[in-house]
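Structural overview for review
Okay, here's what each chain looks like letter by letter:
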Amino acid sequence: MVTAECVGMLKASLTVSQPGLRGGTTHEVTLNCRTTARAKLDLAAGPVSVRITPSTATAPGRTTIAGFWMVPAA
């Protein structure tokens, strides 16, 4: 399960991938900032890469912050 949130822009995207694994997967979660997004991802054991990319410009004089938290399924 991945939980993500952002502020300081309107939208962003969170990309979670495992490109080094055979048949590597990529998951993209669209973030509407100021709301929390949650997604259940099917990941294999091994290294995971995560990237957050702003989809809209930051307003002048504002700071953009994005974060995520991943926890293994029970």
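In what follows, the accompanying structure is described.

The rules behind each value
- Residues numbered from 1 in each chain as written.
- Predicted model: local features only at pLDDT ≥ 70, side-chain atom pairs only at ≥ 80, totals over all residues.
- Heavy atoms only, no water.
- Patch = residues over 30% accessible without salt bridge, like charges linked within 9 Å, V, L, I, M, F, W, Y side chains within 5 Å.
- Areas by Shrake-Rupley, 256 points an atom, 1.4 Å probe, with all protein chains shown as cover.
- Salt bridge = Lys/Arg side-chain N within 4 Å of Asp/Glu carboxyl O.
- Helix = DSSP H or I, 4+ residues; strand = E, 2+ residues; numbered from the N terminus.
- Disulfide = S-S within 2.5 Å.

**Digging into a nonpolar patch on the surface**
A contiguous nonpolar surface patch, about 340 Å² in accessible area, is contributed by Met1, Trp69 and Val71. Looking at the element boundaries, Trp69 is found in strand β6 (residues 65-70).

**Quick look at the state of the cysteines**
Throughout this description, disulfide means a covalent bond between two cysteine sulfur atoms. Taken as a whole and judged by the stated rule, the model has 1 disulfide. Across the disulfide from Cys6 sits Cys33; the S-S distance is 2.0 Å. Between Cys6 and Cys33, the disulfide has an S-S torsion of -90° and is therefore left-handed. Separated by 27 residues along the polypeptide, Cys6 in strand β1 (residues 2-7) and Cys33 in the loop between β3 (26-32) and β4 (37-39) bring together distant segments of the chain.

**Points about the environment of Ala44**
Note on placement: Ala44 falls in the loop between β4 and β5 (49-54). Separated by 20 residues in the primary sequence, Ala44 and Gly24 place their C-alpha atoms 8.8 Å from one another.

It is worth stressing that arrangement in space is one thing and function is another; only the former is reported here.
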